[in-house]
Amino acid sequence: MKTGKGLLFLFLLSLAASTLALEGWTTSDDGGLRLYFPNDIQRDKVFMYVASGPYDLNGADVRQWFSKQVQQMQDRLGKPLAKWDFKSVDSAWSTSNQYVDKKRGVQMNIAYEGGKLDSDRAYVIAMISSADISVLSMLKYGFAINKVRDNAKQYLSGRASVTALANAGPKQGKNKPAAKPKQIAKDKPKQIKERIRVAPGEGADIDDIEFVWVYSDIDVVMGGIEVYTHLLFEDGTAYRNCRIPPDELDIEVSKRVQPRKWTEWRKKRGVYQMKNKKKGTWYNLRGGPGIMAPEGTELSGKFLNAGGSQYSGSWKKHIIFHDDGRFEMSSFSMQSNSGMGGGNTTPLLTSVHSSNKHGSSANTNVIGSNVGGGVSSKRKDGSKNKGSYQVNDYTITMLHDNGYSHTELFLYEKRKNEKNIVYGNDLYWLDD
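Residues numbered from 1 in each chain as written. Predicted model: local features only at pLDDT ≥ 70, side-chain atom pairs only at ≥ 80, totals over all residues. Heavy atoms only, no water.

### Side note on the sheet that holds strand β9 (residues 209–218)
The test is simple: At least two bridges found by DSSP between two strands are what make those strands a pair. Helix and strand assignments follow DSSP, with helices taken as H or I runs no shorter than four residues and strands as E runs no shorter than two, numbered in order from the N terminus.
Spatial ordering of the open sheet is given by β14-β13-β12-β11-β10-β9-β15, a layout of seven strands whose pairing is antiparallel. Taken across any chain shown, the strands that pair with only one partner, and hence form the sheet edges, are β14 (281–284) and β15 (288–289). Strand direction decides the pairing type here: β9 and β15, joined by two bridges, are antiparallel. In the strand pairing of β15, Trp213 is matched with Pro289.

Next up, the structure:
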């Protein structure tokens, strides 16, 4: 793949003979790296996984090691356009960003995942793609991360350790004890959400908002698409990762109980930037302005939100908007403990849930050497998945047939020929 070769790490000098390792994917091995390319990628697009390791941790903290490893790897590709946000699920860590490729000068997506291969060795998998690749392609190829991870870990485990780019591990003074983790009450996020949310129309004034900024990105560890919605106010302040309708956000309360979510924004040389308060530096905003649906908008189409990984299972959610002001919802999810050893060291547990306009059902099965069985249930509660809707500013009001009503953040995220919608905390796209 000529387009992809120029985007590999600079220390990759040549590609070895390719062999088919996964169905629909081609792999290449060179110098301890394993690369994965989808066979059906468009000629003018790039998508690849690059696995490296194994690295000796030498007792270092995985989070600190991964952070330094990622940043030093990224230096060889191009400067990141935003600050890094590291996330953890079980023993794995992930982060994502965008950058301008040093060789070709084009903007690219980048995501990293890292974790342990064994007791004191680690791996890193980088996902590189064109910045303008479609959401559906990102999901399609992103779903392969589980198989790629399994293949890469098997490949790397049998190799000798390589020298890590980052000599990580938090530095401690000779007599300085490690800091104790802060204790946070489990219900604190829920309490904060209740305190900052007020009745519709009693929160932020829509006229005081310069832009509602939207950025979406694939979540490597959990699967699916993660969406970030920022409120950029005319006075230069910014509220990061908004998940409720702006006119329900109590600004004064939020600034007291969510100080880390508030910062400043500016426009410099045509580029929108946000301030990192801790470092006092500015970083470019990824994404673009969200589009407000005019009052009385009649939506039409079937919108999909889907994803999955070995940690979160798989899910699929649909919202069908009819042009007569009605909607239908449906959802399907499947989870199992197979990714955590289920079926090998412990009994295999599988759970399937579905819900649509006809009702809901759930099935759970347990299979093991000394145990087996299952339970299922059905409910005729389809009225909760049907109803009418109203759109106003950045808000959609959902009036369900069972009497339940609620408001959600609602706007469009426009990507060239695609028009996706932000609904609450999720991104939905047209399911043609």
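### Some details on the packing of aromatic side chains
To be explicit about the condition: Between rings of Phe, Tyr and Trp, where Trp is taken as its six-membered ring, a pair exists when centres lie within 6.5 Å; planes separated by under 30 degrees are stacked, by over 60 edge-to-face, and by other angles tilted. For every residue, the accessible area (1.4 Å probe, protein chains only) is compared with the maximum for its type, and the residue is labelled buried under 20%, exposed over 50%, or partly exposed between those bounds. Comment: the charge-over-ring label is applied if NZ (Lys) or CZ (Arg) is within 6 Å of the ring centre and within 35 degrees of the ring normal.
Within the structure shown, the criterion is met by 20 aromatic pairs. Measuring from ring centre to ring centre gives 6.0 Å for Trp25 and Tyr141, while their planes differ by 85°; the resulting arrangement is edge-to-face. Of the two residues, Trp25 sits in strand β2 (residues 25–30) while Tyr141 sits in helix α3 (residues 135–142), which places them 116 residues apart along the sequence. Relative accessible area serves as the criterion here: at 7%, Trp25 is assigned to the buried category. Residue Tyr141 is classed as buried on the basis of its relative accessible area of 6%. Cluster of aromatic residues (ring-pair linked, three or more members): Phe303, Phe321, Tyr389, Phe410 and Tyr412. One cation-aromatic arrangement involves Arg63 over Trp93; the distance from NZ or CZ to the ring centre is 5.5 Å. When the ring centre of Trp262 is taken as reference, the NZ or CZ atom of Lys255 above it lies at 5.0 Å.

### Focus: the confidence of the model for the chain
Applicable threshold: A residue's pLDDT is the confidence the predictor assigns to it, expressed on a 0 to 100 scale. Every residue pair with non-hydrogen atoms within 4.5 Å of one another is taken to be in contact.
The share of residues in the chain with pLDDT of 70 or more is 80%, and the mean pLDDT across the chain is 81. Here helix α1 (residues 2–5) stands out as the element of the chain with the lowest mean pLDDT, 39, in contrast to strand β11 (residues 237–239), whose mean of 98 is the highest. Low pLDDT, under 50, characterises residues 1–20; the stretch is placed with 49 contacts to residues that sit more than four places away or in other chains. The model gives residues 339–346 a pLDDT under 50, and that stretch makes 10 contacts with residues more than four places away or in other chains.

### Digging into unusual backbone geometry
Along the chain, Gly53 connects to Pro54 via a cis peptide bond; the corresponding omega equals -5°. Tracing the chain through its elements places Pro54 in strand β4 (residues 47–56). Of note in this structure, Arg269 is not a glycine but carries a positive phi near 55°. Among the secondary structure elements, Arg269 is positioned in the loop between β12 (262–268) and β13 (271–276). Owing to a relative accessible area of 81%, Arg269 belongs among the exposed residues under this scheme.

### Looking at the pattern of salt bridges
Let me state the cut-off plainly: One side-chain nitrogen of Lys or Arg within 4 Å of one carboxyl oxygen of Asp or Glu is enough to make a salt bridge.
Taken as a whole, this structure holds 10 salt bridges when the rule is applied. When the shortest N-O distance is used, the salt bridge between Arg149 and Glu113 registers 2.6 Å. Highlighted residues: Arg149 in helix α4 (residues 145–157) and Glu113 in strand β7 (residues 107–116), separated in sequence by 36 residues. The exposure classification of Arg149 matches that of Glu113, with both residues buried. Its salt-bridge partner being Arg326, residue Asp401 comes within 2.9 Å of it at the nearest N-O pair. Taken together, the residues Asp401 in the loop between β23 (395–400) and β24 (405–415) and Arg326 in strand β18 (residues 326–336) connect sequence positions 75 residues apart. On the basis of relative accessible area, Asp401 is assigned to the partly exposed category, the value being 39%.

### Observations regarding the pairing of β7
Remember that side chains alternate between the two faces of the sheet whenever the strand is regular. Extensive coverage of β7 is indicated by the burial of eight of its 10 residues. As paired elements, strand β6 (residues 92–100) and β7 share eight bridges and run antiparallel to each other. By the bridge assignment, Tyr99 is partnered in β7 with Met108. Between β6 and β7, which pair antiparallel one after the other, the connecting turn spans six residues, and Gly105 there sits at a positive phi close to 75°. Pairing of β7 with strand β8 (residues 121–130) involves nine bridges; the strand directions are antiparallel. In the sheet register, Met108 faces β8, and the bridge partner there is Ser130.

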